[in-house]
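If you want the building blocks of each chain, they are given just below.
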Amino acid sequence: MQVIEIASPGGPEQLRLVTRPVPQPGEGEVLIRVAAAGVNRPDVVQRQGHYPPPPGASDLPGMEVAGTIVALGPKVSGLTVGTEVTALLAGGGYAEYALAAAPLSLPIPAGLSLVEAAALPETYFTVWTNLFERGGCKSGDDVLIHGGTSGIGTTAIQLAHAWGARVFATAGTHAKARFCEEIGAVRGIDYRTEDFVEIVKLGTDGKGADVILDMVAGPYVQRNIEAAALEGRIVVIAVQGGARAEIKMNTLMIKRLTLTGSTLRPRTVAQKAAVAEGVRRNIWPLLASKRVRPIIHATFPLAQAAEAHRLMESSSHIGKIMLTM
Ligand SMILES: NC(=O)c1ccc[n+]([C@@H]2O[C@H](COP(=O)([O-])OP(=O)(O)OC[C@H]3O[C@@H](n4cnc5c(N)ncnc54)[C@H](OP(=O)(O)O)[C@@H]3O)[C@@H](O)[C@H]2O)c1
């Protein structure tokens, strides 16, 4: 099979199209003939050498695919050869065939193409477990989403809005901020020219945000604390602005805040299966009824994975970048 491997840590030119044997499914796994794979920011960080795959995972990049099951490993039940699925992987998605854990292989939501379905697992699982499970986002909450036009951000805005929350979202240009409003935010905030703390406070009559989904950290952590409401929950999912932060603990105490965070990839299959069950029960119906949709910015053939990474690093995209086989 043709795959994209990371020749050595570095720039997009390190992504090389090579041939490898088709893997064989082990216990509890299915083999998927991949139609499309999603490109995610963590793939870029892996390529740069800063985010190694967890033990036992494929060394190939790619954490989500959609395609057709072509073989079943031992002890797989409830799935059959020929079924189309979308699957969350710990790696190995940039390939013509990929192995997936059976509990993380979900049916294609009604009405979605395989390319659209491949855009779902990484962002929908991440947003479900962080914004809803950890952050406790509920109807009526005021929610602040950083990076509103990212793959994660476009998902989080739509889901929070569909849930009945009022969404504020930051993005790096005026046009991107307006796009956040088109997909459900009450106010998109251009973080380069506007102060999100001030705007969230003004937009909530001084109360602040009940939940904040943060992919920046660094200097944003204290500003999030200032923008949060009493009993607010701040969930950190990435540290693009730096892993260290100086914060005022007294504000944290006075507002009775929860500051938390998580990563998805290193969790066990059983832990991810619990997230998959929540996604299937709560989110799949919203996709089938078209209340939320994957937003796809661009699609590249597998051989052009380096171009796909260059586009992601330019940050000029809105939504997801996809690879097709
Ligand atoms: N914890 C987890 O389990 C998990 C899982 C998946 C992804 N992630 C993380 O989630 C983030 C998004 O992933 P993705 O694949 O959706 O990537 P992406 O589309 O490349 O998005 C990165 C986003 O970060 C935004 N950003 C950068 N600096 C910012 C700042 N100072 N203020 C506000 N926004 C800022 C960018 O906004 P502009 O382009 O507008 O500047 C861009 O929208 C990545 O950092 C990724 O590592 C975490």
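Let me sum up the structure you'll find in this document. Keep in mind the model is a prediction, meaning the values are calculated, not measured. (Residues numbered from 1 in each chain as written. Predicted model: local features only at pLDDT ≥ 70, side-chain atom pairs only at ≥ 80, totals over all residues. Heavy atoms only, no water.)

1. Considerations on helix α7 (residues 220–227)
Then comes step 1: Within α7, six of the eight residues are buried, which leaves it mostly tucked inside the rest of the structure.
Then comes step 2: Structurally, α7 contributes buried residues whose contacts are with β8 (142–145), α6 (196–203), β11 (209–214), β12 (228–236), α8 (249–254) and β13 (258–261). (Buried < 20%, exposed > 50% of the residue type's maximum accessible area, 1.4 Å probe, protein only. Helix = DSSP H or I, 4+ residues; strand = E, 2+ residues; numbered from the N terminus. Contact = heavy atoms within 4.5 Å.)

2. Some remarks on the site of the ligand
Then comes step 1: Around the ligand, 27 residues are found, and the nearest of them are Arg41, Gly172, Lys176, Tyr191 and Tyr220.
Then comes step 2: Arg41 places a side-chain nitrogen or oxygen 2.7 Å from an oxygen atom of the ligand.
Then comes step 3: Between the ligand and the protein, one listed contact pairs an oxygen atom with a side-chain N or O atom of Ser315 at 2.9 Å.
Then comes step 4: Surface burial for the ligand is 91%, taken as the share of its 920 Å² of free accessible area covered by protein chains.
Then comes step 5: Within the residue set of the shell around the ligand, elements represented by two or more residues are α1 (41–47), α3 (121–134), α4 (151–162) and β9 (166–171). (Near = heavy atom within 4 Å. Polar contact = N/O pair within 3.5 Å; in protein donor to acceptor, adjacent residues only side chain to side chain. Areas by Shrake-Rupley, 256 points an atom, 1.4 Å probe, with all protein chains shown as cover.)

3. Some points on the side chain of Asn224
Then comes step 1: Assignment of secondary structure puts Asn224 in helix α7.
Then comes step 2: Non-local contacts of Asn224, meaning those with residues more than four positions away in its chain, are made with Leu144, His146, Phe196, Ile212, Asp214 and Ile234.

4. Topic: the pattern of salt bridges
Where charged atoms from two side chains of opposite charge come close, those side chains can pair.
Then comes step 1: One pass over the structure, following the stated rule, counts 17 salt bridges.
Then comes step 2: Two residues, Asp59 and Arg20, come together in a salt bridge whose shortest N-O distance is 2.9 Å. One end of the pair, Asp59, is in the loop between α1 and β4 (64–72); the other, Arg20, is in the loop between β2 (15–19) and β3 (29–39), with 39 residues separating them in the sequence.
Then comes step 3: The exposure class assigned to Arg20 is partly exposed, which follows from its relative accessible area of 23%. (Salt bridge = Lys/Arg side-chain N within 4 Å of Asp/Glu carboxyl O.)

5. Let's talk about the nonpolar core
Then comes step 1: Of all hydrophobic cores here, the largest spans 68 residues; its most connected members are Leu131 and Ile145.
Then comes step 2: Setting aside chain neighbours within four positions, we find Leu131 in contact with Thr126, Gly136, Cys137, Val143, Ile145, Ala156, Ala160, Val211 and Leu213. (Core = buried A, V, L, I, M, F, W, Y, C linked by side-chain atoms within 4.5 Å.)

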